[in-house]
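# Commentary on secondary and tertiary structure
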Amino acid sequence: MTYATPISDGKESIEFDNRFVRELPQDPETANTRRQVLGACYSRVNPTQVSSPKLVAYSREVAALVGFSKAFCESEAFTRVFAGNLLMPGMEPYAACYGGHQFGNWAGQLGDGRAINLGEIVNQHAQRWVLQLKGAGPTPYSRTADGLAVLRSSIREFLCSEAMFHLGVPTTRALSLVLTGEDVERDMFYDGHPKLEPGAVVCRVSPSFTRFGNFEIFASRGEIKVLKQLADYTIRTDFPHLGEPSQKVYVKWFEEICRRTADMILHWMRVGFVHGVMNTDNLSILGLTIDYGPYGWLEDYTPGWTPNTTDAGTKRYCFGNQPQIAQWNLVKLANALYPIIGTAAPLQAAVDFFGHYYQKGFQTMMADKLGLTAFVPGINERLVKELLEILSLVETDMTIFFRRLALLDTQGRQADDMELTAARAVLMDAYYAPEKITNGYWERFNAWLETYILRIKKDNLQPEKRREKMDAVNPKYVLRNYLAQLSIDKAEQGDFSMIRDLQDLFRHPYDEQPDKEKFAEKRPDWARSKPGCSMLSCSS
Ligand code: AMP
Ligand code: MG
């Protein structure tokens, strides 16, 4: 490993403050061999050198967050650092130890198998940011895998993290995407057809990458002292407003994790995001969306849809299950924290609270999506429930439907036939197969539309005001699965232009961008069952 002296363009200096490695117990073994790591939160490990790194893209917003200049981001040193070939002074690379419940079963030690944390930067706003490479080679936690990542999954993680941020969804961020110049073998659909694919490294950035599974591993091994150390560390570092750790503060902390997790899921449900692998090792203790693997975006509204082929059998992680699965994961976290709290009742109460909080949040969110001034219990439950049923009856694009709903002209005094026909014409673009829609469907839809229009009229909001409110929560652009795949297909041919186009597009996902209208279109028919567009695997 080469240690750099010039760390930037020479005009700035970046200081690292590596609190995680400083304050938490370290694995005494330093050789990079795969093993069970006991009694420690992390193992020291350096990234693997790669042959010819090439910068594909970086996020100027994330660079600004961590205090990197444009000149540094566009320098050779930057590419070398974020490929894993060079360490900046002050970086202290390590991989964290964690476990997890995968698809409902305890999986034992997992850990950062292909993630290497480089160091922590405290920016001028006193915000702490951990820099983490994904795909920079094996670590003690790599088990039987190679520690690498391929270009297609790295593009998906890079673009989606930043799109989610601009959509207002809590998420880890992505600083850079670098090609390693080396091939990586992957069997994309686990069907005995491995292929060589270009290798890549993404640098992710987050206040912390700690997952539910970081706590579970110590509880499962009865390592209560380390469990407490990590809990205290997390509270002091990421939840300082809760005060000094104590039994009472642990409970308040768990309540806040429940609330943050619910907020994150509400955002996913609002924008139509399906994570795809909600194992407890993929749930952030900060309530951030983390680990972009076989995720997907709802195109036609289908609550039972999962993008993950590994999950196709039981659909455990389908769109509609996400709230319950989050709660299930919180129960696992509660069990892991129990040894340091010693009483179950407040943990159970917090898990129950998640349910109520989510339900209330869902009502408010749906009222916002529908442009209602408030959610009226009793009346709006029916309106929302009926709409969600109707949306799943025929292939209806969720994003286009809600965006178009804001355009309804409800100026007439009643919801008469003319008004209903006009409203339907506005919404027509949301349907994938309008010719297949039956009269029965239209009757049911008309009845809903009439109730909705009357409800809107009662609110008496200026149409422009209503549209503005609705457009602020119903994105015009989401990272449709086929868009990500098109940018991957081009990148694999050496053309990175679409990655930049999508980066630009997703800086303003709620704004009309007339020159980018094509990115708001429904999924084309060719993408209906194309791998990468409708089906994804964990192979990445
Ligand atoms: P995931 O399902 O991607 O969240 O990964 C589950 C576990 O497998 C984590 O501990 C990952 O670090 C590890 N893992 C996934 N892919 C690889 C890989 N290519 N090399 C090493 N470890 C991996
Ligand atoms: Mg993971």
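Residues numbered from 1 in each chain as written. Chains lettered and ligands numbered in written order. Predicted model: local features only at pLDDT ≥ 70, side-chain atom pairs only at ≥ 80, totals over all residues. Heavy atoms only, no water.

### Some words on the overall build of the protein
Scanning the protein from N- to C-terminus turns up 17 helices and 13 strands. For the protein, the C-alpha radius of gyration of 24 Å lies close to 24 Å, the compact-globule estimate for 540 residues. The C-alpha extent of the protein, read off along each of the three principal axes, is 75 × 55 × 50 Å. A burial count over the protein gives 58% of its 540 residues as buried. Long-range contacts, defined here as pairs at least 24 residues apart, represent 72% of the contacts in the protein between residues at least 6 apart. Carbon and sulfur atoms make up 53% of the accessible area of the protein, which totals about 21500 Å². Taken together, the 61 basic and 65 acidic charged side chains of the protein have centroids lying 2 Å from each other. (Helix = DSSP H or I, 4+ residues; strand = E, 2+ residues; numbered from the N terminus. Rg over C-alpha atoms; globule rule 2.2 N^0.38 Å. Buried < 20%, exposed > 50% of the residue type's maximum accessible area, 1.4 Å probe, protein only. Contact = heavy atoms within 4.5 Å. Areas by Shrake-Rupley, 256 points an atom, 1.4 Å probe, with all protein chains shown as cover. Lys, Arg positive; Asp, Glu negative; His and termini not counted. Charge placed at Lys NZ, Arg CZ, Asp CG, Glu CD.)

### Examining the environment of Tyr295
With respect to the helices, strands and loops of the structure, Tyr295 is situated in the loop between strand 12 (273-274) and strand 13 (296-297). Here the alpha-carbon distance between Tyr295 and Arg114, two residues 181 residues apart in the chain, equals 18 Å.

### Some words on the coordination of the magnesium ion (ligand 2)
Here the magnesium ion (ligand 2) is held by the protein donor atoms Asn282 (OD1) and Asp291 (OD), which lie 2.0 to 2.2 Å from it. You'll find Asn282 and Asp291 in the same group, each marked buried. (Donors = N, O, S within 2.8 Å, 3.2 Å for Na, K, Ca; no water.)

### Some details on the packing of helix 7 (residues 224-238) against helix 8 (residues 247-271)
What describes two packed helices is the angle between their axes and the distance between those same axes. It is the contact of helix 7 with helix 8, at a shortest axis distance of 11 Å, that shows an interaxial angle of 65°. Taken together, helix 7 and helix 8 sit at an angle that is classed as roughly perpendicular. Considering only the axes of helix 7 and helix 8, their crossing is left-handed. Contact residues: Lys228, Ala231, Asp232, Thr234, Ile235 and Asp238 in helix 7; Val249, Tyr250, Trp253 and Arg260 in helix 8. Looking at the contact of helix 7 with helix 8, its residues break down into 5 nonpolar, 1 polar and 4 charged. (Axes fitted to C-alpha atoms, helices over the stretch in contact; angles between N-to-C directions. Parallel < 35°, antiparallel > 145°, perpendicular 65-115°, else oblique. Left-handed = near helix turned anticlockwise from the far one by under 90°. Nonpolar A, V, L, I, M, F, W, Y, C, P; charged D, E, K, R; others polar.)

### Quick word on unusual backbone geometry
One non-glycine residue, Arg143, adopts positive backbone phi at about 50°. Take Arg143: it is sitting in the loop between strand 9 (128-134) and helix 5 (151-166). Of note in the backbone geometry, Tyr190 takes a positive phi value of approximately 50° without being a glycine. Relative to the helices and strands, Tyr190 resides in the loop between strand 10 (173-186) and strand 11 (195-206).

### Points about the pattern of salt bridges
Inspection of the entire model under this criterion finds 39 salt bridges. Arg403 serves as the salt-bridge partner of Asp471, at 3.7 Å between the closest nitrogen and oxygen. Here Asp471 is found in helix 15 (residues 463-471), whereas its partner Arg403 is found in helix 12 (residues 398-405), with 68 residues between them in sequence. Exposure class is identical for Asp471 and Arg403. Each is buried. (Salt bridge = Lys/Arg side-chain N within 4 Å of Asp/Glu carboxyl O.)

### As for the side chain of Lys457
Locating Lys457 in the fold gives a position in helix 14 (residues 439-459). For Lys457, a relative accessible area of 17% corresponds to the buried category. Side chain to side chain, Lys457 and Glu419 meet in a polar contact 3.0 Å long. (Polar contact = N/O pair within 3.5 Å; in protein donor to acceptor, adjacent residues only side chain to side chain.)

### Considering the domain arrangement of the protein
The domain boundaries assigned to the protein delineate domain 1 (2-212), domain 2 (220-361), domain 3 (372-460) and domain 4 (481-527). A C-alpha centroid distance of 33 Å is found between domain 2 and domain 3. Contact residues are listed per partner, giving 9 residues for domain 2 and 8 residues for domain 3. Taken over both partners, the interface formed by domain 2 and domain 3 buries close to 680 Å², and the fraction arising from carbon and sulfur atoms is 61%. Ranking the residues of domain 2 by area buried against domain 3 places Glu299, Asp300 and Tyr301 at the top, with a combined share of 77%. Applying the counting criterion to the domain 2 and domain 3 interface returns 0 salt bridges. Here the residues of the side of domain 2 that touches domain 3 are counted per class, giving 5 nonpolar, 1 polar and 3 charged. (Domains from an automatic or database assignment. Buried area = accessible area lost by both parts, 1.4 Å probe.)

### Brief notes about helix 17 (residues 497-505)
Within helix 17, burial applies to Met498, Ile499, Leu502, Gln503 and Leu505. Down the axis of helix 17, the buried side of the element spans an arc of 165°, and every buried residue falls inside it. Those residues of helix 17 hidden inside the fold are in contact with strand 3 (54-58), helix 5, strand 10 and helix 16 (481-492). (Arc of directions from axis to C-beta.)

### So, the packing of aromatic side chains
Per the counting criterion, the structure on display carries 32 aromatic pairs. Pairing Tyr431 with Trp442 gives two aromatic rings, centres 5.4 Å apart and planes at 75°, and the pair type is edge-to-face. Of this pair, Tyr431 sits in the loop between helix 13 (417-427) and helix 14 while Trp442 is found in helix 14, placing the two residues 11 residues apart along the sequence. Over the aromatic face of Phe165 sits the side chain of Arg173, whose NZ or CZ is 3.5 Å from the ring centroid. (Phe/Tyr/Trp six-rings, centres within 6.5 Å; stacked < 30°, edge-to-face > 60°. Lys NZ or Arg CZ within 6 Å of the ring centre and 35° of its normal.)

### Some words on the packing of helix 10 (residues 345-370) against helix 11 (residues 379-393)
For the pair helix 10 and helix 11, the least separation of the axes is 11 Å and the interaxial angle reads 75°. In terms of orientation, helix 10 and helix 11 fall into the roughly perpendicular class. Residues Phe362, Gln363, Met366 and Leu370 of helix 10 form the contact with helix 11, whose participating residues are Glu381, Leu383, Val384, Leu387 and Leu388. Class assignment for the residues of the contact of helix 10 with helix 11 results in 7 nonpolar, 1 polar and 1 charged.

### Considerations on the site of ligand 1
Inspection of the region around ligand 1 gives 17 residues, with Gly111, Gly113, Arg143, Gly147 and Asn282 positioned closest. Within the backbone of Gly111, a nitrogen or oxygen atom sits 2.6 Å from an oxygen atom of ligand 1. Burial of ligand 1 by the surrounding chains reaches 82%, relative to a free accessible area of 480 Å². Residue composition of the shell around ligand 1, by class: 4 nonpolar, 6 polar and 7 charged. Counting contributing residues, the shell around ligand 1 receives three or more from each of domain 1 (2-212) and domain 2 (220-361). (Near = heavy atom within 4 Å.)

### Considering the side chain of Asp281
With respect to the helices and strands, Asp281 occurs in the loop between strand 12 and strand 13. The buried charged residue Asp281 lacks any salt bridge, with Arg211 as its nearest oppositely charged partner at 5.5 Å. Filtering out sequence-adjacent residues up to four positions away, Asp281 remains in contact with Tyr98, Gly99, Gly100, His101, Gln102, Leu110, Arg211, Gly213 and Asp291.

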